[in-house]
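# Remarks on the overall topology
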Amino acid sequence: TLVSQVLNVALDPVFIFGAGFIQAKGLAGAALATAFAEILSCVAYITILLRRGLVSVQSMVRPPKWEALRPLLTGGFAVQLRSVAINLTFLAVTSATLAMDPSGEAAAAHTISTQLWQLGGVVLLALSSCASILVPQRMHRKEDGGKRAGALFTDGIRSQAEATQVRHTRAYGRRQGLHASRPYA
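Residues numbered from 1 in each chain as written. Predicted model: local features only at pLDDT ≥ 70, side-chain atom pairs only at ≥ 80, totals over all residues. Heavy atoms only, no water.

The geometry of helix α1 (residues 2–17) relative to helix α2 (residues 27–51) is characterised by a closest axis approach of 8 Å and an angle of 150° between their N-to-C directions. Considered as vectors, α1 and α2 are oriented roughly antiparallel to each other. In this structure, the crossing between α1 and α2 has a hand that is right-handed. Residues Ser4, Gln5, Leu7, Asn8, Leu11, Asp12, Phe15 and Ile16 of α1 pack against Gly29, Ala30, Leu32, Ala33, Thr34, Phe36, Ala37, Glu38, Leu40 and Ser41 of α2. For the contact of α1 with α2, a count of residues per class yields 10 nonpolar, 6 polar and 2 charged. (Axes fitted to C-alpha atoms, helices over the stretch in contact; angles between N-to-C directions. Helix = DSSP H or I, 4+ residues; strand = E, 2+ residues; numbered from the N terminus. Parallel < 35°, antiparallel > 145°, perpendicular 65-115°, else oblique. Left-handed = near helix turned anticlockwise from the far one by under 90°. Contact = heavy atoms within 4.5 Å. Nonpolar A, V, L, I, M, F, W, Y, C, P; charged D, E, K, R; others polar.)

Volume-wise, the largest pocket comes out at about 670 Å³. As for the largest pocket, its lining consists of 20 residues, and the residues nearest its centre are Arg82, Ile86, Gly121, Val122 and Leu125. At 8 residues, the largest contribution of residues to the lining of the largest pocket is made by helix α5 (residues 105–139). Tallied by class, residues from the lining of the largest pocket come to 8 nonpolar, 10 polar and 2 charged. (1 Å grid on protein atoms, 1.4 Å probe; cavity = no way out; pocket = protein on both sides within 12 Å on 5 of 7 lines; lining within 4 Å. Points joined across faces, edges and corners; volume = space filled by probe spheres on them.)

Position of Leu27 relative to the elements: it lies in helix α2. Sequence separation between Leu27 and Ser103 is 76 residues; the distance between their C-alpha atoms is 9.3 Å. Once residues within four sequence positions are removed from consideration, Leu27 is found in contact with Leu98, Ala107 and Thr111.

Caution applies to low-pLDDT regions: their predicted coordinates should not be interpreted in detail. Considering every residue of the protein chain, the mean pLDDT works out to 75; 70% of them sit at 70 or more. No element of the protein chain has a lower mean pLDDT than helix α6 (residues 147–175), at 58, and none a higher one than α2, at 90. (pLDDT = per-residue confidence, 0-100.)

Next up on the list: α1. Think of an α-helix as turning once every 3.6 residues; residues three or four places apart then point the same way. When the terminal C-alpha atoms of α1 are compared, their 23 Å separation across 16 residues agrees well with the 22 Å that a helix rising 1.5 Å per residue should span. Taking the largest bend as the criterion, α1 deviates by roughly 30°, centred on Leu11, and proline Pro13 comes between one and four positions later. For α1, the set of buried residues is Ser4, Gln5, Asn8, Val9, Leu11, Asp12, Phe15 and Ile16. Looking one or two residues beyond α1, the residue adopting positive phi is Gly18, at roughly 85°. (Expected span 1.5 Å × (residues − 1). Bend = angle between axes of the 7 residues up to and from the residue. Buried < 20%, exposed > 50% of the residue type's maximum accessible area, 1.4 Å probe, protein only.)

A few words now on α2. Under the 1.5 Å per step criterion, the end-to-end length of α2 is 36 Å for 25 residues, consistent within 8% with the ideal 36 Å. Phi for Gly53, located one or two positions after α2, is positive at around 75°.

What follows concerns the environment of Ala37. Its location among the elements puts Ala37 in helix α2. Relative accessible area serves as the criterion here: at 1%, Ala37 is assigned to the buried category. In the structure, Ala37 is positioned 25 residues away from Asp12 in sequence and 10.0 Å away in space, judged by C-alpha atoms. Ignoring sequence-local partners within four residues, the contact set of Ala37 consists of Ser4, Leu7 and Asn8.

Following this line, the structure appears as structure tokens:
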């Protein structure tokens, strides 16, 4: 995913604005760059799975049994619901961006910034997934009584709160016409 996101960020300006023999395609170029990056990621992932013997071609085309699928559906429902909500939000914002600038330049810039945001989201998701496993394990260890894990959890919440406060302060400053060179008095 990281490689596909980086590839997408690199290809977006090339397909949106054009470079060399590639013609500028605007918003369609952003879609083309995303499709190319995702297809390459899919091929690489399937190749790795096949080489390691984790799947076979037959198992990829055979529908799974309901008994094996049920825990995945119930456990992954919240994640899928979140993904649908995020994608609908991105779609609404892109639509509003296109309505403001019919040339597509604002939408192209928005697409690039969205890809950068998603790249950061991949890293954040990886960290939160690891933390959701490691913190409870550490909290239940007898040797330190969970003190280190509790401190890690508390530090994470504190850091997130401080980062949120900084973002809101900067956003408020921009709305009020303040700049980074002026103090927020």
